Structure formats: C-alpha cells, structure tokens
Amino acid sequence: MATADVTQADEVVVVSRRPASLWRDTVSAILHQRSAIIGLALLGIIVLAALLADVLAQYGSTETLFNVPGAKRLAGPCIHLLGCPADQPQFIMGIDQNVRDVFSRVVHGARVSLQVGVVTVGIAIVTGTLIGSIAGYVGGWVDNIMMRVMDVLLAFPALVLAIFLVTAFDTLDVPFLGDPLFNAMLAIGIVAIPVYARVMRASVLSVRERDFITASRALGESGGGILFRRILPNALTPLIVQGTLGIATAILEVAALSFLGIGAQEPVAEWGSMIGNVRNLMFQAPHLLIFPGAALAMSVLGFNLLGDGIRDALDPRLHR
C-alpha cells in the first residue's frame, strides 16, 4: 500500500514538472541558435536604451538647445575622446535642423519603435488568431467567407492599403483616432491580420485531426472547449515565430509611413520621421540620417534574427 502511495506521489511530481521542463527545453533550444543569440544581443541594446532613455540622454527628445553654448544647427558629432576640443560641449550624434540633440532623440525613439512593434503585432495577432482559429475549426461556408475576405486584403499592396486606411482614419470623427502615430499602428495592424489568420488556420487544420482531439470529442467536450483548451495551445508555435518576425516588419512599415509624413509627427522622436524630415539634407548633414537609420536597421535585424532562431529551435524538421 505504501509503495502504491509513493508511486502515485512520484507520478504527480513528474506531471507537475512537465510544463517547467518544456519551457526550459524550449529556451535552451533557442539559446543554442546562433542567430537567436545575436538577435537577443541587438534587441537587448535597444531595450536597455528604451528603459534607460532618461538616464542616457543628456537632453529631452524635444528640447531645443538654443541656450547651450556651442550648440549649432546641423552641427556634426563632437566626441572628446575622438579629438573634439574639450572646451566644446559633447554631442555624440550631433545636432539636428531644429537644434536638438540627435543622440537624445535616437535613444527616446527606441521607446516609440518598441511600442509600435508590440501594439501593431498585438492587434494583428489577436484578431488574426480569432479569425483563423474559427475558420479552421468550423470549416464550411464560415471558412470560405472569412478566408475570401482575407484574400481580398492580401490582394492590395500592404503599404498602399495602409496609406488608404490612415487617410480614412484621419477623416473619421472618432476620439481614439486623433493621434497620427496610433492611426499608423492601427492601419499596419489591420493590414497584417490576413497573414496571422492564414497561419493560424493552417495550424488549426493540422491540430484538429490529431487523436487527442478525436478523444475529446468522444468524451463529449464542447466545441468551444476543444478549440480554446485543446487546439489553440497546440497551434500557437507558428504564430509565435510569425509574430517575432512581424514586429520587425511593423516597425519598418510604420517608419515608412512616418517617412511619408502620415505617421508620427513632429516633435515625436520616431526614427522614420527623423529620417523623412531631413531627407533633403543628406549631403549637408549626413549624420541626421545615418544614426536613426542605423538604430532602425539594428532593431529590424534583431527581431529578424530572433525570429529565425525561434523558428529553427521549434521546427523539428530543421533539427539535425
């Protein structure tokens, strides 16, 4: 009798440790991917810059330096360790066209870009997951209608459709659509919904045919319970990979809208708008494009490398 109790207790311990072991194995597999490590390192720099922006930046992102001695319009970088005279104030990335510290704006811009990526992909993932899971599980005419709507959205070039949506949002008299940056994020999120809906639908179609789903039906579990408790947890892996890659795309597309003047507006420190506002000064003050462009490229590259690493770690077909 005692032996049976010990065995049962051991089984309980083993079962309770499985989720932790699964997460540990997953994280370990991701950290063994070289691309994921490089991506995490790049993103770590961006995240630290966003968290410590008020500490790292000597000036505010919108602060003009007319009263600071030596601060001149379009002045280049001045770093004391690289030969800049000690009697001049140090500006690591120079001064912009409005006599603002470029380093302070680039560092604060990290917050905006991370917010853009998370909010945009969050809108697309939540909506796309709901549409794709219902379409894949229910099937029939529901699947046909939902997927045809997604196909219509996919038929338009993403940036063109986003521009149309932003323009439409600007004409609507809705309180929460007043911020141009939020309008751009919402537009990019809507444009990205079909991608996540199709990924989720394909994953749900694969999972719903497995034996444990058949067993759940035989035991009388409701359709909603099967979908949300059985299928969705086992169908999220492709969505995680797509979401990580999608953050990079979202940051880039919102930066493109800001570059065109329909995203973030002055004086918001957003990398795309910073580049767009000085595109005519490329040869006169190249540092105004180089530094925000490098920050944008670093964030996009980091998310892409992390997404590739997660895909390689979670896809058993790629294991050697």
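From a predicted model like this one, the values you see are computed outputs, not experimental measurements. (Residues numbered from 1 in each chain as written. Predicted model: local features only at pLDDT ≥ 70, side-chain atom pairs only at ≥ 80, totals over all residues. Heavy atoms only, no water.)

Q: Give a detailed account of the confidence of the model for the chain, specifying residues and quantitative values.
A: Taken over all residues, the pLDDT of the chain has a mean of 83, while the share at 70 or more is 91%. The weakest mean pLDDT in the chain belongs to helix H1 (residues 2–31) at 54; the strongest belongs to helix H2 (residues 34–51) at 92. For the stretch residues 1–17, pLDDT sits under 50, and the model shows zero contacts to residues farther than four places along the chain or on other chains. (pLDDT = per-residue confidence, 0-100. Helix = DSSP H or I, 4+ residues; strand = E, 2+ residues; numbered from the N terminus. Contact = heavy atoms within 4.5 Å.)

Q: I'd like a rundown of the state of the cysteines, residues and numbers included.
A: As enumerated under the stated definition, the model contains one disulfide in all. Each sulfur in the disulfide pair Cys78 and Cys84 lies 1.6 Å from the other. The sign of the S-S torsion, about -55°, decides the handedness of the disulfide formed by Cys78 and Cys84: left-handed. Like Cys78, the residue Cys84 is buried in the burial classification. (Disulfide = S-S within 2.5 Å. Buried < 20%, exposed > 50% of the residue type's maximum accessible area, 1.4 Å probe, protein only.)

Q: Report on the environment of Ser216, specifying residues and quantitative values.
A: Within the secondary structure, Ser216 sits in helix H8 (residues 211–218). Under the relative-accessibility criterion, Ser216 is labelled buried at 9%. It is 66 Å that separates the C-alpha atoms of Ser216 and Phe283, two residues lying 67 residues apart in sequence.

Q: I'd like a rundown of the packing of aromatic side chains, residues and numbers included.
A: The full count for this structure, using the stated rule, is one aromatic pair. Above the ring of Phe259, the side-chain terminus of Arg279 is found at 5.4 Å from the ring centroid. (Phe/Tyr/Trp six-rings, centres within 6.5 Å; stacked < 30°, edge-to-face > 60°. Lys NZ or Arg CZ within 6 Å of the ring centre and 35° of its normal.)

Q: So what's going on with the packing of H2 against helix H12 (residues 287–314)? Residues and values would help.
A: Axis separation between H2 and H12 bottoms out at 7 Å; the angle between their running directions is 145°. Pair H2 / H12 crosses with left-handed handedness. Facing Ser35, Ala36, Ile38, Gly39, Leu40, Leu42, Leu43, Ile45 and Ile46 of H2, the residues of H12 in contact are Ala295, Met298, Ser299, Leu301, Gly302, Phe303, Leu305, Leu306, Asp308 and Gly309. Here the contact of H2 with H12 is composed, by residue class, of 13 nonpolar, five polar and one charged. (Axes fitted to C-alpha atoms, helices over the stretch in contact; angles between N-to-C directions. Left-handed = near helix turned anticlockwise from the far one by under 90°. Nonpolar A, V, L, I, M, F, W, Y, C, P; charged D, E, K, R; others polar.)

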